[in-house]
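Letter by letter, the chains look like this.
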Amino acid sequence: MPGKLAQRFHVYAFDKLGMGFTDNPKADADWSIDGIIRHAYGFIKAVGVERCVMLGHSRGALPAARITVDHPELVSHFVCLDTNALAPDDPTAAGELRAALICDVDPLPHQITAVYESMLPRTPLRFVLADDPGAGKTIMAGLLMKELIARGDLHRCLVVCPGSLAEQWQDELNRRFHLPFEILTNDKLEAARTGNWFLETNLAIARLDKLSRDEDVQQKLQAPDCRWDLVVCDEAHKLSATFFGGEVKYTKRYRLGQLLSGLTRHFLLMTATPHNGKEEDFQLFLALLDGDRFEGKFRDGVHQIDITDLMRRMVKESLLKFDGTPLFPERIAYTVPYKLSTLEARL
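Residues numbered from 1 in each chain as written. Predicted model: local features only at pLDDT ≥ 70, side-chain atom pairs only at ≥ 80, totals over all residues. Heavy atoms only, no water.

Chemist: Can you walk me through the pattern of salt bridges in this structure?
Modeler: Side chains bearing opposite charge may pair, as long as their charged atoms lie close to each other. Taken as a whole, this structure holds 17 salt bridges when the rule is applied. Note that Arg312 and Asp131 form a salt bridge whose closest N and O atoms lie 2.5 Å from each other. Here Asp131 lies in the loop between strand E5 (126–129) and helix H7 (137–150) and Arg312 lies in strand E13 (residues 311–312), a separation of 181 residues in the sequence. Of the two residues examined, Arg312 and Asp131, each falls in the buried class. Residue Asp132 pairs with Arg313 through a salt bridge whose shortest N-O separation is 2.9 Å. In this pair, Asp132 is assigned in the loop between E5 and H7 and Arg313 in the loop between E13 and helix H16 (342–346), connecting sequence segments 181 residues apart. Among the charged side chains, a network of salt bridges with common partners joins Asp132, Arg313, Glu317 and Arg331. (Salt bridge = Lys/Arg side-chain N within 4 Å of Asp/Glu carboxyl O. Helix = DSSP H or I, 4+ residues; strand = E, 2+ residues; numbered from the N terminus. Buried < 20%, exposed > 50% of the residue type's maximum accessible area, 1.4 Å probe, protein only.)

Structure representation (structure tokens):
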């Protein structure tokens, strides 16, 4: 089938690692997804054709997502197709986006790039997902969990979130990703057969303040065999510590974050507000992920923080659908003048 396409189009294809191939190869070419996109668009402009076909596993989702996120002005020039559909009997055509195919969710471009380009390549993962509210960070976390399970890299997972969000997390992970998470309660703690509910539960959700305030529960978390493959902290800005009067003021929530960081292989912090405007507090927040780089007293001009490998942030204006249209309406702010009445002017 790809051969038939090549008779009518200039064809580019991507393998499971995101490397590209084309019917017009050059030995010194850049065959990364970005390199292919630049090469393909140059070909489009040079030859004068309107569209280029991009082939990739899982509905061509990875190249399509990259084009949409990084090159929205080029969306109309590319058609992304699934090699599985073109060769359904090919046993080697297993998609690299396995989680996206077996879950009840249609991920958006920024969600695909977050999971498959920003997070999965990092092993172990220590990361802050800081996209704007409404970006679907729960969906991204679920995709990450499902993909790690499919790759045999996740057996035990703990989600820590504010109390009001526990049931929402449980519902979303069960309904969309078929992951049967259990919520920690006092009754379950008391009824645990081994005396430690965490040892008996591989997929667990715990309320943030229950863990941070209850030292007995923290002792159970620190049991020798109570390790986690992935810990996800929602609303992670609540794990705060501050510099005040030349000293660090640690909160119970921050101490919990330090504890969780040492109990897991993969550690994901999710928040739309990672920075409170104080660089020294932000450094303490990042120390939860990498204490070697960010621990210690903050001093201007001494700590040069490079966080490109630790955090991703996308604002609502950058979030697009696969057709290149904005995911959210444009936000327009303007000042409305008005005139005070005589009585108002007297106040």
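Chemist: In this structure, what is going on with the sheet that holds strand E9 (residues 228–234)? I would like to understand it.
Modeler: Across a sheet, strands are paired by hydrogen bonds formed along the backbone, either parallel or antiparallel in direction. The strand order across the open sheet formed by 7 strands is E7-E8-E6-E9-E12-E5-E13, and the pairing between neighbours is parallel. The two strands at the open ends of the sheet, each matched to only one other strand, are strand E7 (182–183) and E13. Along the sheet face, helix H13 (residues 252–261) touches E5, strand E6 (157–161), E9 and strand E12 (264–270) and points at about 145° away from the line of E12. (Pairing = 2+ DSSP bridges. Contact = heavy atoms within 4.5 Å. Axes fitted to C-alpha atoms, helices over the stretch in contact; angles between N-to-C directions.)

Chemist: Could you clarify how one ought to interpret the packing of aromatic side chains in this entry?
Modeler: Here a ring pair, both rings aromatic, is described through the centre-centre distance and the interplanar angle of the planes. Here the structure, examined in full by the defined rule, presents 3 aromatic pairs. Where Phe198 meets Trp228, the ring centres are 6.4 Å apart and the plane angle is 85°; that geometry is what we call edge-to-face. With a gap of 30 residues between them, Phe198 in helix H10 (residues 197–200) and Trp228 in strand E9 connect regions that are remote in the sequence. Given the relative accessible area of 2%, Trp228 is considered buried. With 5.5 Å between their ring centres and 35° between their planes, Tyr250 and Tyr254 make a pair best called tilted. One aromatic cluster in this structure is built from Trp197, Phe198 and Trp228. Its end group placed over the ring of Tyr250, Arg255 keeps NZ or CZ at 4.0 Å from the ring centre. (Phe/Tyr/Trp six-rings, centres within 6.5 Å; stacked < 30°, edge-to-face > 60°. Lys NZ or Arg CZ within 6 Å of the ring centre and 35° of its normal.)

Chemist: What should I look at first to understand the environment of Leu208 in this one?
Modeler: Assignment of secondary structure puts Leu208 in helix H11 (residues 208–213). C-alpha separation for the pair Leu208 and Ala236, spaced 28 residues apart in sequence, amounts to 9.6 Å. Ignoring anything within four residues of it in the chain, the contact list for Leu208 reads Val160, Cys161, Pro162, Lys238, Leu239, Arg253 and Leu256.

Chemist: Sorry if this is basic, but what is going on with the confidence of the model for the protein chain here?
Modeler: Low-confidence regions, as indicated by low pLDDT, have predicted coordinates that should not be scrutinised in detail. Of all residues in the protein chain, 69% attain a pLDDT of 70 or more, and the chain-wide mean is 80. Here residues 13–27 is a poorly scored stretch, pLDDT under 50, and it has 42 contacts once near neighbours within four places are set aside; other chains count. Below a pLDDT of 50 lies the segment residues 81–95, which in the model reaches 31 contacts outside its immediate sequence neighbourhood of four places, other chains included. (pLDDT = per-residue confidence, 0-100.)

Chemist: It is not clear to me how a nonpolar patch on the surface should be interpreted in this structure. Could you clarify?
Modeler: The grouping of Ile332, Tyr334 and Val336 at the surface amounts to a nonpolar patch, some 390 Å² of accessible area in total. Tracing the chain through its elements places Tyr334 in the loop between E13 and H16. Judged by relative accessible area, Tyr334 falls into the exposed class, the value being 65%. (Patch = residues over 30% accessible without salt bridge, like charges linked within 9 Å, V, L, I, M, F, W, Y side chains within 5 Å. Areas by Shrake-Rupley, 256 points an atom, 1.4 Å probe, with all protein chains shown as cover.)

Chemist: Just to check I follow, could you spell out the environment of Thr264 for this structure?
Modeler: By secondary structure assignment, the location of Thr264 is in strand E12. Among the residues examined, Thr264 registers a relative accessible area of 5% and is labelled buried. Residues Thr264 and Val232, 32 residues apart in the sequence, show an inter-C-alpha distance of 9.9 Å. Here Val231 takes part through its backbone nitrogen, which lies 3.4 Å from a polar atom of the side chain of Thr264. (Polar contact = N/O pair within 3.5 Å; in protein donor to acceptor, adjacent residues only side chain to side chain.)

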